[in-house]
Amino acid sequence: MMKIGLFIPCYVDAVYPEVGVASYKLLKHLGLDVTYPPHQTCCGQPMANAGFEQQAVPLAEKFERLFSGFDYVVAPSVSCTAFVKLNYPRLLDHECVTAKKAMDMVEFLHDVVKVKAPLGHFPHKVSLHNSCHGVRELGLSSPSEMHVAKFNKIKDLLQLVDGIEVVEPERPDECCGFGGMFAVEETAVSAQMGRDKVERHMATGAEYVTGPDCSCLMHMAGVAKKQGLSIQFKHVVEILASNL
């Protein structure tokens, strides 16, 4: 049986621990051999994005030591997964083993496990948010600017959930405006992009917005709360694991 190392990014652990719990529960429900290494830390993405790449190197080295013995390293975060896959081989001065094994939860469940059986129960109308890293770096869905056949791995998995109605907003893969440091350095632009995105999600009539990255959901949830809007936000893994 393949061995899976569960990586829970630092911001998920600190702000959305329920997403980490749902990830573990879902993988165990599927009968997989999953381990959560207890000494894991940040992957280094915040330092690198802020221009301090060298500060991310020790974290990349630690990540390699903790997760090199697994067949797959799975995380409920497209941005952190993309950072490991695309940047670790460049940051480290030796062959990076974990970068080849790192996968987002959606990518892993869809492409490796190939889940087909029913998952969870969530009788709500849900608007699907396609995070930029997921679309353009991990290939979770088709980018609208490319002339390719339309696909969406997130939607494929959500359709396995009993009672759910999945909709997509106008401009389905347009950025929500978070972008990590972008939200700090270009606050006004980021906030307006967030307001535009939340309005498009609400125009679908959805009760919830879901997606594969807590950072995007956090940004939009903050916008919605500030404007007094009732729409709720939930990570896709929480929905897939609901009522299992």
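It should be emphasised that the depicted structure is a prediction, and the values quoted were computed from it without experimental measurement. (Residues numbered from 1 in each chain as written. Predicted model: local features only at pLDDT ≥ 70, side-chain atom pairs only at ≥ 80, totals over all residues. Heavy atoms only, no water.)

S.K.: Help me understand the side chain of Lys197 in this model?
M.R.: Along the chain, Lys197 turns up in helix α11 (residues 187-202). Look at Lys197: it is buried, it has no salt bridge, and the nearest opposite charge is Glu174 at 5.3 Å. Among the polar contacts listed, one links the side chain of Lys197 to the backbone oxygen of Glu174, at a separation of 2.9 Å. Every residue in contact with Lys197, bar those within four places of it in the chain, is listed here: His129, Pro169, Arg171, Pro172, Asp173, Glu174, Cys175, Cys176 and Met220. (Helix = DSSP H or I, 4+ residues; strand = E, 2+ residues; numbered from the N terminus. Buried < 20%, exposed > 50% of the residue type's maximum accessible area, 1.4 Å probe, protein only. Lys, Arg positive; Asp, Glu negative; His and termini not counted. Salt bridge = Lys/Arg side-chain N within 4 Å of Asp/Glu carboxyl O. Polar contact = N/O pair within 3.5 Å; in protein donor to acceptor, adjacent residues only side chain to side chain. Contact = heavy atoms within 4.5 Å.)

S.K.: Honestly, helix α4 (residues 53-67) in this entry has me stumped. Any pointers?
M.R.: Taking 1.5 Å per residue, 15 residues should reach 21 Å; α4 reaches 21 Å between its end C-alpha atoms and fits that length. When α4 is considered as a whole, its buried residues turn out to be Ala56, Val57, Leu59, Ala60, Phe63, Glu64 and Phe67. Those residues of α4 that are buried lie in contact with β1 (3-6), α3 (45-49), β3 (72-75), α5 (78-91) and α6 (98-101). (Expected span 1.5 Å × (residues − 1).)

S.K.: Got a minute to help me understand the sheet that holds strand β4 (residues 102-104) in this structure?
M.R.: Backbone-to-backbone hydrogen bonds join strands into a sheet, with any given pair of strands oriented parallel or antiparallel. The strand order β2-β1-β3-β4 describes an open sheet built from 4 strands, whose pairing is parallel. The open sheet has two edge strands with one neighbour each: β2 (33-35) and β4. In this sheet, neighbouring strand axes are inclined to one another by 35° on average, regardless of whether the strands run parallel or antiparallel. In this sheet, β4 lies alongside β3 in parallel orientation, the contact comprising 3 bridges. Looking across to β4, one finds that Val73 is bridged to Ala102. (Pairing = 2+ DSSP bridges. Axes fitted to C-alpha atoms, helices over the stretch in contact; angles between N-to-C directions.)

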